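# Structural features, examined
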Amino acid sequence: VGGNEAMVIDATGAVTMPSQPAFLVEVGTQDNIATSSNITVLFSNEIFDNNADFNTGTYTFTAPVTGKYQFNVSVRLNNLDTAADYYQTRLYTSNRTITIDTIDPGGYSADIDYYTGGTSVVTDMDANDTAYVAVRQQAGTAQTDIDANFDGTFFSGHLVG
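### As for the pairing of strand S10 (residues 97-103)
- Relative to S10, strand S9 (residues 86-93) runs antiparallel, the two sharing six bridges. Pairing of Arg90 across the sheet is with Thr99, part of S10.
- Counted between consecutive antiparallel strands, the loop separating S9 from S10 contains three residues.

Structure (structure tokens):
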């Protein structure tokens, strides 16, 4: 395509598509998130972004073509406040909102050191639709951090069809 390889089939039959939309990002430091509002997770560090579809300035993936996309999300929260009504992590796309995880920390006897929620989902997207991840701490004290270690907090996606 325009002098570039769009698909390669090697001698073993393995197929690679270097321009296939695919990304993996990790979060930078995000401490003491605000309460009672949706806080976009600041996925500002790219591990890879095959087609340059993830914007590290807006922390958003933009679908380059219409299709089905697989997204994988993991968010680790540190220092959860038991006075909060709930914590909720969501994947927002142009077509729908997907609740990844909801936790009510009120049943614990003390603040929670850490909690990780995650999901994998296939969803439809049209060309130029967007996807991003947000966390909400409803009420309580603004003391919770979004963990900046890759093993706890990451966002990835790719076109599957």
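There's plenty left to go through after this.
### Quick look at the pattern of salt bridges
- A full pass over the atoms with the stated rule returns two salt bridges.
- Among the ionic pairs, Asp147 bridges to Arg76, the shortest N-O distance being 3.8 Å. Linking Asp147 in the loop between strand S13 (145-146) and strand S14 (154-159) with Arg76 in strand S8 (residues 67-80), this pair joins segments that are 71 residues apart in sequence.
- Overall, the relative accessible area of 7% leaves Asp147 in the buried class.
- Among the salt bridges present, the one from Arg96 reaches Asp124, with a minimum N-O distance of 2.3 Å. One end of the pair, Arg96, is in the loop between S9 and S10; the other, Asp124, is in strand S11 (residues 112-125), and 28 residues separate them in sequence.

### Notes on the nonpolar core
- The biggest cluster of nonpolar side chains holds 31 residues, and the ones touching the most others in it are Phe43, Phe61, Phe71, Leu91, Val133, Ile146 and Phe155.
- Where this core is concerned, the elements lending two or more residues are strand S3 (22-26), S8, S9, S10, S11, strand S12 (130-138) and S14.
- Looking at this core, the element that brings in the most residues is S8, giving six residues.
- Sequence-distant contacts of Phe155, defined by excluding residues within four places in its chain, comprise Phe23, Leu24, Val25, Phe43, Phe54, Phe71, Asn72, Val73, Leu91, Ala131, Tyr132 and Val133.

Calculation rules
- Residues numbered from 1 in each chain as written.
- Predicted model: local features only at pLDDT ≥ 70, side-chain atom pairs only at ≥ 80, totals over all residues.
- Heavy atoms only, no water.
- Pairing = 2+ DSSP bridges.
- Helix = DSSP H or I, 4+ residues; strand = E, 2+ residues; numbered from the N terminus.
- Salt bridge = Lys/Arg side-chain N within 4 Å of Asp/Glu carboxyl O.
- Buried < 20%, exposed > 50% of the residue type's maximum accessible area, 1.4 Å probe, protein only.
- Core = buried A, V, L, I, M, F, W, Y, C linked by side-chain atoms within 4.5 Å.
- Contact = heavy atoms within 4.5 Å.

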